[in-house]
Amino acid sequence: MKPRLQLQEFTSPQVFRLSTSKKGYGGIIYEKMLDAVLSSHFDYTVVSSTFGFKGIWRLLEMPKYLFLQWKFAKKPHGLRIRSFQSALFNFKGRGISIIYHVDSSGSAWLPRLYQDLTEWVFKAVIRKSEHIVVIAKYWQDYFRELGY
């Protein structure tokens, strides 16, 4: 399968990645690998948008979290990379969403609500404006069936 997007297509050497992962979550492993590769070839910046609080207290940080996602999506230049969980806003320009896993069934009701909203927004709106990268053949087949 030939990739639809080549990093060489970018005139700006700037690459930004929105980090929403914390230690202990599976996605952090892939993000560290991505950081190691891209930081050696590009002007690479990681924008952190992780929660400091746990449980229901995370709601207090939600406005800041959403504002950072919106601001990140509207950056006018460079390549933007984000995880599926932070894909609530269309990118202005080019972007990539990295999808590790899509399943809210094991989550508590509040995180599940957010995860389901993110999945719906991604499938309904964002699919037309960006590229996706998956880490498993299962998710490749899943998103191909959806028309990606």
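See the structure shown above.
Residues numbered from 1 in each chain as written. Predicted model: local features only at pLDDT ≥ 70, side-chain atom pairs only at ≥ 80, totals over all residues. Heavy atoms only, no water.

Caption draft 1: Here's a closer look at a nonpolar patch on the surface. Taken together, the side chains of Ile56, Trp57, Leu59, Leu60, Trp109 and Leu113 define a hydrophobic patch exposed on the protein surface, amounting to about 750 Å² of accessible area. Residue placement: leucine 113 occurs in helix α3 (residues 109-124). Given a relative accessible area of 52%, leucine 113 falls into the exposed group. (Patch = residues over 30% accessible without salt bridge, like charges linked within 9 Å, V, L, I, M, F, W, Y side chains within 5 Å. Areas by Shrake-Rupley, 256 points an atom, 1.4 Å probe, with all protein chains shown as cover. Salt bridge = Lys/Arg side-chain N within 4 Å of Asp/Glu carboxyl O. Helix = DSSP H or I, 4+ residues; strand = E, 2+ residues; numbered from the N terminus. Buried < 20%, exposed > 50% of the residue type's maximum accessible area, 1.4 Å probe, protein only.)

Caption draft 2: Up close: the sheet that holds strand β3 (residues 79-83). Within the open sheet, the five strands sit side by side as β2-β1-β3-β4-β5. Their pairing is parallel. Whereas interior strands pair on both sides, the edge strands pair on one side only; in this sheet they are β2 (43-48) and β5 (131-134). In this sheet, neighbouring strand axes are inclined to one another by 20° on average, regardless of whether the strands run parallel or antiparallel. Relative to β5, strand β4 (residues 95-99) is paired through four bridges, and the arrangement is parallel. Looking at the pairing, serine 97 lines up with isoleucine 132 of β5. Lying on the sheet, helix α2 (residues 62-73) is in contact with β1 (14-19), β2 and β3; it crosses β3 at an angle near 145°. (Pairing = 2+ DSSP bridges. Axes fitted to C-alpha atoms, helices over the stretch in contact; angles between N-to-C directions. Contact = heavy atoms within 4.5 Å.)

Caption draft 3: The arrangement of helix α1 (residues 27-39) in detail. Helix length check: α1 (13 residues) gives 18 Å between terminal C-alpha atoms against 18 Å at 1.5 Å per residue, within 8%. All of the buried residues along α1 are Gly27, Ile28, Glu31, Asp35 and Leu38. Taken around the axis of α1, the buried residues stretch over an arc of 95°, which confines them to a single face. Residues of α1 that are exposed and point more than 90 degrees away from the buried face comprise Ile29, Lys32 and Ala36. Against β1, β2 and β3 lie the buried residues of α1. (Expected span 1.5 Å × (residues − 1). Arc of directions from axis to C-beta.)

Caption draft 4: Quick peek at the environment of leucine 59. Its place among the elements puts leucine 59 in the loop between β2 and α2. Separated by 51 residues in sequence, leucine 59 and leucine 110 have C-alpha atoms that sit 9.4 Å apart.

Caption draft 5: Looking closely at the packing of aromatic side chains. Within the structure shown, the criterion is met by six aromatic pairs. Seen from their ring centres, tyrosine 30 and tyrosine 100 are 5.6 Å apart, and the 20° between their planes marks the pair as stacked. Residue tyrosine 30 is located in helix α1, and its partner tyrosine 100 is located in the loop between β4 and α3; the two are separated by 70 residues in the primary sequence. Exposure remark for tyrosine 30: the relative accessible area of 33% places this residue in the partly exposed category. Under the relative-accessibility criterion, tyrosine 100 is labelled buried at 13%. (Phe/Tyr/Trp six-rings, centres within 6.5 Å; stacked < 30°, edge-to-face > 60°.)

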